[in-house]
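Overview (structure and organization)
Listed below are the residues making up each chain.
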Amino acid sequence: MAPQEEITVLIPEEQIQKRVKELAEEIRRNYLGKCPVLVGVLQGAFVFMADLIRQLRMPLAVDFLRISSYGKNLVTSGEVKILLDLTIPIANRSVILVEDIVDTGLTVDYLKANLLARQPESLAVCALLQKPENTIKLTPIDYLGFTIPNHFVVGYGLDYAGRFRDLPYLGILPKSMKEP
Ligand code: 5GP
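Now for a description of the structure that goes with this document.

About the criteria used
Residues numbered from 1 in each chain as written. Predicted model: local features only at pLDDT ≥ 70, side-chain atom pairs only at ≥ 80, totals over all residues. Heavy atoms only, no water. Buried < 20%, exposed > 50% of the residue type's maximum accessible area, 1.4 Å probe, protein only. Helix = DSSP H or I, 4+ residues; strand = E, 2+ residues; numbered from the N terminus. Pairing = 2+ DSSP bridges. Right-handed = clockwise from strand over helix to strand, strands pointing away. Disulfide = S-S within 2.5 Å. Contact = heavy atoms within 4.5 Å. Salt bridge = Lys/Arg side-chain N within 4 Å of Asp/Glu carboxyl O. Core = buried A, V, L, I, M, F, W, Y, C linked by side-chain atoms within 4.5 Å. Axes fitted to C-alpha atoms, helices over the stretch in contact; angles between N-to-C directions. Expected span 1.5 Å × (residues − 1). Arc of directions from axis to C-beta.

1. Things to note about the pairing of strand S3 (residues 61-67)
Residues Ala-61, Asp-63, Leu-65 and Ile-67 line the buried face of S3, whereas the alternating positions Val-62, Phe-64 and Arg-66 sit on a face that is not buried. With 6 bridges connecting them, strand S2 (residues 37-42) and S3 associate as parallel partners. Bridged to Val-39 within S3 is Asp-63. Viewed along the sheet, the connection from S2 through helix H2 (residues 46-56) into S3 turns out right-handed.

2. Focus on the state of the cysteines
One pass over the full model with this rule turns up 0 disulfides. With no disulfide of its own, Cys-35 has Cys-126 as its nearest cysteine by sulfur position, at a separation of 17 Å. Under the relative-accessibility criterion, Cys-126 is labelled buried at 0%.

3. Remarks on H2
Of the positions making up H2, those classed as buried are Phe-48, Met-49, Asp-51, Leu-52, Gln-55 and Leu-56. Its buried side turned inward, H2 meets helix H1 (13-30), S2, S3, strand S5 (94-102) and strand S6 (122-130). One or two steps after H2, the chain reaches Arg-57, where phi turns positive at roughly 45 degrees.

4. Thoughts on the pattern of salt bridges
Inspection of the entire model under this criterion finds 6 salt bridges. One salt bridge connects Arg-19 with Glu-22, and the closest N-O pair in it is separated by 2.8 Å. Residue Arg-19 and its partner Glu-22 are located together in helix H1, separated by 3 residues, close to a single helical turn. Under the relative-accessibility criterion, Glu-22 is labelled partly exposed at 32%.

5. Considering the sheet that holds strand S8 (residues 153-154)
Read from one edge to the other, the open sheet built from 3 strands follows the order S1-S9-S8, with strand pairing classed as antiparallel. Strand pairing shows two members of the sheet lacking a second neighbour, strand S1 (8-11) and S8, which therefore form its edges.

6. A closer look at the nonpolar core
The biggest cluster of nonpolar side chains holds 27 residues, and the ones touching the most others in it are Ile-27, Phe-48, Leu-52, Leu-129 and Leu-170. For this core, the elements supplying multiple residues, two or more each, are H1, H2, S5, S6 and strand S7 (143-147). For this core, the element with the most residues is H1, which contributes 5 residues. Those residues in contact with Phe-48 that sit more than four places away from it in its chain are Val-20, Leu-23, Val-98, Glu-99, Cys-126, Ala-127, Leu-128 and Tyr-156. Ranked by size, the runner-up nonpolar core spans 20 residues in total, among them Leu-65, Val-80, Leu-97 and Ile-141.

7. Re the environment of Asp-109
Structurally, Asp-109 is set in helix H3 (residues 106-116). The class of Asp-109 is partly exposed, set by a relative accessible area of 28%.

8. Some details on the sheet that holds S6
Ordered in space as S4-S3-S2-S5-S6-S7, the 6 strands form an open sheet in which the pairing is mixed. Here the strands that pair on one side only, and so sit at the sheet edges, are strand S4 (82-84) and S7. Strand-to-strand twist of the sheet, defined as the mean angle between neighbouring strand axes without regard to direction, takes the value 30 degrees. Sheet strands in contact with H2 are S2, S3, S5 and S6, and its direction is about 160 degrees off that of S2. Relative to the sheet, H3 contacts S2, S3, S4, S5 and S6, its axis offset from that of S5 by approximately 165 degrees.

9. Side note on H1
Each α-helix turn comprises 3.6 residues. Residues three or four places apart therefore point the same way. In this model H1 runs 26 Å from its N-terminal to its C-terminal C-alpha over 18 residues, within 8% of the 26 Å that 1.5 Å per residue would give. Every buried residue belonging to H1 is among Ile-16, Val-20, Leu-23, Ala-24 and Ile-27, and all of these are buried. Take H1 and look down its axis: the buried residues cluster within an arc of 105 degrees, on one side only. Seen from the open side of H1, the exposed residues pointing more than 90 degrees away from its buried face are Glu-14, Lys-18 and Arg-29. At its buried positions, H1 is contacted by S1, H2, S5, S6, S7 and strand S9 (170-172).

Set out below in structure tokens:
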């Protein structure tokens, strides 16, 4: 596999950090006096989640859901399996689902239905990225970092076949790196 120097920067680190801070400020304003539960979707959202909660500077709880990933596939099957469930009850809590990227929208739609069945007081979605060109299931994203074109992106927690999560920026995976 080619080295990471071949990854084209799509969103540089400083721009991500600035936007995360803005999202945190917006969330803080909307949840004054509340103690929301931020539910991060593993694995892709863990870097975003870590930066977001450090910018929030408000009372909050953190939990994670781990779902099956694409593996080496670059397209969604639409099937979501929960591999690791929440550890705290969310009934009557304000919940914010924190996702890395919304592509077809099928994952976030499934997760929203799953969390709503647990009867939270409210449920909002915060996603770092959205690729609107691929939308199959239109789900409103309450807090969105960036809208991006239809590229397969890596970095800032997002991987391809387990690689590139450690990049501090978001980059485009070159076609030459994708397996047929
Ligand atoms: P959806 O169900 O919306 O089609 O897919 C959402 C999930 O697909 C994301 O949480 C992420 O795991 C994966 N995904 C979608 N697009 C990309 C991408 O460009 N890069 C990476 N690394 N993962 C993606």
